[in-house]
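What the coordinates show
Now for the letters of each chain:
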Amino acid sequence: MNIENKTILITGANRGIGRALVDEALRRGAKNVYAGTRSTLQVTDERVTPITLDVTNTSQIQQAVEKIGTLDVLINNAGIAIYDDLSNLEVIERHLAVNFLGLLRVTHAFLPALKRSQGAIVNNLSMVGLAALPIIPSYSISKAAAFNLTQSLRALLAGQGVSVHAVVLGPVDTDMNRGFEIPKASPESAASGIFNGLENGEDEIFPDPASRSIAEDWRTGALKALERQFSAFVPTSPASAASEM
Ligand SMILES: NC(=O)c1ccc[n+]([C@@H]2O[C@H](COP(=O)([O-])OP(=O)(O)OC[C@H]3O[C@@H](n4cnc5c(N)ncnc54)[C@H](OP(=O)(O)O)[C@@H]3O)[C@@H](O)[C@H]2O)c1
């Protein structure tokens, strides 16, 4: 996957990592960048089109599909993170609504376009989806669910020319973790690492120093081997359920 001349949709593109991804996509020569946003967005580059897109809003998702038409790369970046202690189920539901179901709804809606273009889905996930960070357990659960979903989508879509990538982000300096004082990568360097991983065709993309520290173990470890073993159960016949996704 080469970003040059591609059409890309980035959700949650008005700030943080999403905003940096828009700039990085332009730097790499993307033809059109659709910037999903819940608020007004000022843009200066004519290749960027702001698009109203709350990932929990099915009618906005449908309108986005109709407006965009052709799509090569979907980056599911929109996300929320609320500190909690698992005592309030509504907090878990809110995380799942955005970080898991929102990601899945947007993906479903754009799948026909991505199959036509033989495109790519990039899901911005987190190290805390691999091992829970107990100060944000609901967020961790939602990212673990989205990681597991990403593995299934990868296997189900492999025969249909759509690649599916999990971005395992470590701490990045954005509003999301403001006040949590640990070393953080810049959004710009994370965005660059994400596109490098996509262009290299990596299943799991480790775009920052913290996440890169576990990359080698992940790629050669038992869990990756198990994922491959389980994927082999997906039927390859065109009449299978997978072809209807
Ligand atoms: N920063 C980190 O350390 C870190 C680490 C691991 C993973 N990540 C992941 O990276 C992604 C981007 O995070 P970030 O650090 O850039 O966060 P951020 O600065 O808080 O930005 C979050 C973005 O998501 C948007 N968003 C939230 N709910 C939405 C919804 N229902 N529909 C559409 N957009 C919505 C926000 O839009 P509004 O401005 O309208 O609220 C904003 O654009 C997230 O998926 C996050 O979980 C971040």
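Residues numbered from 1 in each chain as written. Predicted model: local features only at pLDDT ≥ 70, side-chain atom pairs only at ≥ 80, totals over all residues.

Details of the overall build of the protein chain
The condition that has to hold: Helix and strand assignments follow DSSP, with helices taken as H or I runs no shorter than four residues and strands as E runs no shorter than two, numbered in order from the N terminus. A radius of gyration in this sense is built from C-alpha atoms; the matching globule rule multiplies 2.2 Å by the number of residues raised to 0.38. Counting other C-beta atoms within 10 Å of each residue's C-beta, where C-beta atoms are placed from the backbone, gives the exposure class: buried for 20 or more, exposed for 12 or fewer, partly exposed between. Contact between residues is assigned whenever the C-beta positions, reconstructed from backbone atoms, fall within 7 Å.
In terms of helices and strands, the protein chain carries 7 helices and 7 strands. If you list the helices and strands of the protein chain from N to C, you get β-α-β-β-α-β-α-β-α-β-α-β-α-α. In terms of C-alpha radius of gyration, the protein chain reaches 17 Å, essentially the compact-globule figure of 18 Å for 245 residues. Taking the principal axes of the C-alpha coordinates as reference, the protein chain spans close to 45 × 40 × 35 Å. Across the 245 residues of the protein chain, 40% fall into the buried class. Pairs at least 24 apart in sequence give 66% of the contacts found in the protein chain among residues at least 6 apart.

Brief notes about the nonpolar core
For clarity, the cut-off: Joined through C-beta atoms within 7 Å, a set of buried Ala, Val, Leu, Ile, Met, Phe, Trp, Tyr and Cys residues constitutes a nonpolar core.
Core analysis: the largest hydrophobic core is formed by 53 residues, its most contacted members being I8, I10, L21, V33, L74, V122 and I194. If we skip the residues at most four places from it in the chain, I194 touches L21, V122, V167, I205 and P207.

Observations regarding the pairing of strand β5 (residues 120–126)
Inclusion rule: Pairing between strands is defined by DSSP: at least two bridges between the two strands are required. We call a crossover right-handed when, viewed with the strands running away from us, the connection from the first strand over the helix to the second turns clockwise.
Most of β5 sits inside the fold, with 7 of its 7 residues counted as buried. Here β5 shows no split at all, with A120, V122, N124 and S126 on one side and I121, N123 and L125 on the other all buried. One ladder, built from 4 bridges, connects strand β4 (residues 73–76) with β5; its direction is parallel. Looking at the pairing, N76 lines up with N123 of β5. Tracing the backbone out of β4, into helix α3 (residues 89–117) and back to the parallel element β5 gives a crossover that is right-handed. Where β5 meets strand β6 (residues 163–169), 7 bridges bridge the pair, whose relative direction is parallel.

Here's the deal with unusual backbone geometry
With a phi angle near 70°, N5 is a residue other than glycine that sits in the positive phi range. Although it is not a glycine, Q118 sits at a positive phi angle of roughly 55°. Counting through the fold element by element, Q118 comes out in the loop between α3 and β5.

Observations concerning the packing of helix α1 (residues 16–27) against helix α5 (residues 187–199)
Working note: a packed helix pair is described by the angle between its axes plus the distance between those axes. Operational definition: Working convention: axes come from line fits to C-alpha atoms, limited for helices to the stretch in contact. Angles between N-to-C directions cover 0 to 180 degrees. When an angle is under 35 degrees it counts as roughly parallel; over 145 it counts as roughly antiparallel; between 65 and 115 it counts as roughly perpendicular; any other value is oblique. Take the far helix as the reference: if the near one is turned anticlockwise from it by less than a right angle, the crossing is left-handed, and if turned clockwise, right-handed. Ten residues, namely Ala, Val, Leu, Ile, Met, Phe, Trp, Tyr, Cys and Pro, are considered nonpolar, four, namely Asp, Glu, Lys and Arg, are considered charged, and the remaining ones, Gly among them, are considered polar.
Between α1 and α5, the least distance of the axes is 8 Å, while the angle of their chain directions is 60°. By the angle between their directions, the pair α1 and α5 is classed as oblique. For the element pair α1 and α5, the recorded crossing hand is right-handed. Here α1 contributes G16, I17, A20, L21 and E24 to the contact with α5, which in turn contributes P187, E188, A190, A191, S192, I194 and F195. Counted by class, the contact of α1 with α5 contains 8 nonpolar, 2 polar and 2 charged residues.

Some points on the sheet that holds strand β3 (residues 48–52)
Backbone hydrogen bonds hold the strands of a sheet together, and the pairing may be parallel or antiparallel. One open sheet holds the 7 strands; their spatial order is β3-β2-β1-β4-β5-β6-β7, and the pairing between them is parallel. Here the strands that pair on one side only, and so sit at the sheet edges, are β3 and β7 (204–205). Sheet strands touched by α3: β4 and β5. Its angle to β4, the strand with the most contacts, is close to 180°.

Points about the environment of A97
Following the sequence through the fold, A97 ends up in helix α3. On the neighbour-count criterion, A97 (15 C-beta atoms within 10 Å) is partly exposed. Separated by 42 residues in the primary sequence, A97 and V55 place their C-alpha atoms 8.7 Å from one another.

Quick notes on the packing of α3 against helix α4 (residues 137–157)
Interaxial distance between α3 and α4 falls to 8 Å at its minimum, and their mutual angle equals 20°. By the angle class used here, α3 and α4 are roughly parallel. By crossing handedness, the relation of α3 to α4 is classed as right-handed. On the side of α3, the interface is formed by V91, I92, H95, L96, N99, F100, L103, L104 and T107, while α4 contributes S138, Y139, I141, S142, K143, A145, A146, L149 and L153. Taken together, the residues of the contact of α3 with α4 sort by class into 12 nonpolar, 5 polar and 1 charged.

Observations regarding the site of the ligand
Note the threshold: Whether a residue is near a molecule or strand depends on its C-beta atom, placed from the backbone, lying within 6 Å of it.
The ligand sits among 29 residues. The nearest are G12, G16, A78, G79 and T174. At the level of secondary structure, the elements contributing two or more residues to the shell around the ligand comprise α1, α3 and β5. Of the residues contributing to the shell around the ligand, the split by class is 11 nonpolar, 14 polar and 4 charged.

Some points on α5
Worth spelling out the cut-off: The span one expects for a helix is its residue count, reduced by one, times 1.5 Å.
The end-to-end C-alpha distance of α5, which contains 13 residues, comes to 18 Å, matching closely the 18 Å that a straight helix rising 1.5 Å per residue would cover. Considered for burial, the residues of α5 that qualify are P187, A190, A191, S192, G193, I194, F195, G197 and L198. Here the buried face of α5 lies against α1, β5, β6 and β7. One or two positions beyond α5, positive phi appears at G201, with a value near 70°.

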